[in-house]
Amino acid sequence: MTTIRRFCCSDLLRFTSVNLDHLTETFNMSFYMTYLARWPDYFHVAEGPGKQIMGYIMGKVEGQGESWHGHVTAVTVAPEYRRQQLAKKLMNLLEDISDKIDKAYFVDLFVRASNTPAIKMYEKLGYVIYRRVLRYYSGEEDGLDMRKALSRDVEKKSIIPLKRPVTPDELEYD
């Protein structure tokens with residue numbers, strides 16, 4: 001049985017095996033601690049029998065006005081637990097928090113342009129490619145900014161794709 005619960009500090013010492021996937025972005029401890037302190041509602045772990053960490057999601061809420069949105073910073077599931085809909089459950093949780101609690105207009109995420117399985121999964125979850133970000137990953141690989149409109153964005157303005165790619169310098173950060 002899988003339990004989805006809030007991430008806690010002790011999980012930082014137990015989730016290394018989940019981060020070993022070459023497509024998973026890893027960060028330093030202070031980065032994870034900042035997210036845990038600032039956006040605890042957006043940081044969850046899927047835990048299996050024996051307290052084994054199966055996957056996690058880490059995100060935040062940011063922006064202003066109609067750009068107020070939930071952001072998926074990282075979502076990953078250990079290879080041995082994939083194809084069990086864990087990523088979908090974690091994504092749905094973050095979307096619900098963004099929509100119902102923080103009243104965001106949309107949820108966004110960045111994915112490597114070469115990560116076809118992830119792109120297809122996000123599309124099945126209702127995400128669309130909003131824009132391509134040139135050389136987003138380590139100045140080498142393009143990233144795709146994918147978005148899903150939430151209930152507050154009645155006209156779905158937040159997901160109208162841009163007609164041209166952008167550079168990382170053109171991105172808005174909070």
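Scroll up for the structure.
These notes cover the structure that comes with them. What you see is a predicted model; the values in this text were computed from it and never measured.

### A short note on the packing of aromatic side chains
If you walk through the whole model with that rule in mind, you get 13 aromatic pairs. Relative to Tyr32, the ring of Phe15 lies with its centre 5.1 Å away and its plane at 80 degrees, an arrangement referred to as edge-to-face. Here the residue Phe15 occupies a position in the loop between strand S1 (3–6) and helix H1 (29–38), and Tyr32 occupies one in helix H1, the gap between them amounting to 17 residues. With relative accessibility at 3%, the residue Phe15 sits in the buried group. Three or more aromatic residues link up through ring pairs in this structure, and these residues are Phe7, Phe15, Phe27, Phe31, Tyr32, Tyr35, Trp39, Phe43 and Tyr56. In this structure, Arg112 is placed above the aromatic ring of Tyr137, and the distance from its NZ or CZ to the ring centre is 4.4 Å. In this structure, Arg147 packs its charged tip against the face of Tyr130, placed 3.6 Å from the ring centre.

Scoring rules and cut-offs
Residues numbered from 1 in each chain as written. Predicted model: local features only at pLDDT ≥ 70, side-chain atom pairs only at ≥ 80, totals over all residues. Heavy atoms only, no water. Phe/Tyr/Trp six-rings, centres within 6.5 Å; stacked < 30°, edge-to-face > 60°. Helix = DSSP H or I, 4+ residues; strand = E, 2+ residues; numbered from the N terminus. Buried < 20%, exposed > 50% of the residue type's maximum accessible area, 1.4 Å probe, protein only. Lys NZ or Arg CZ within 6 Å of the ring centre and 35° of its normal.

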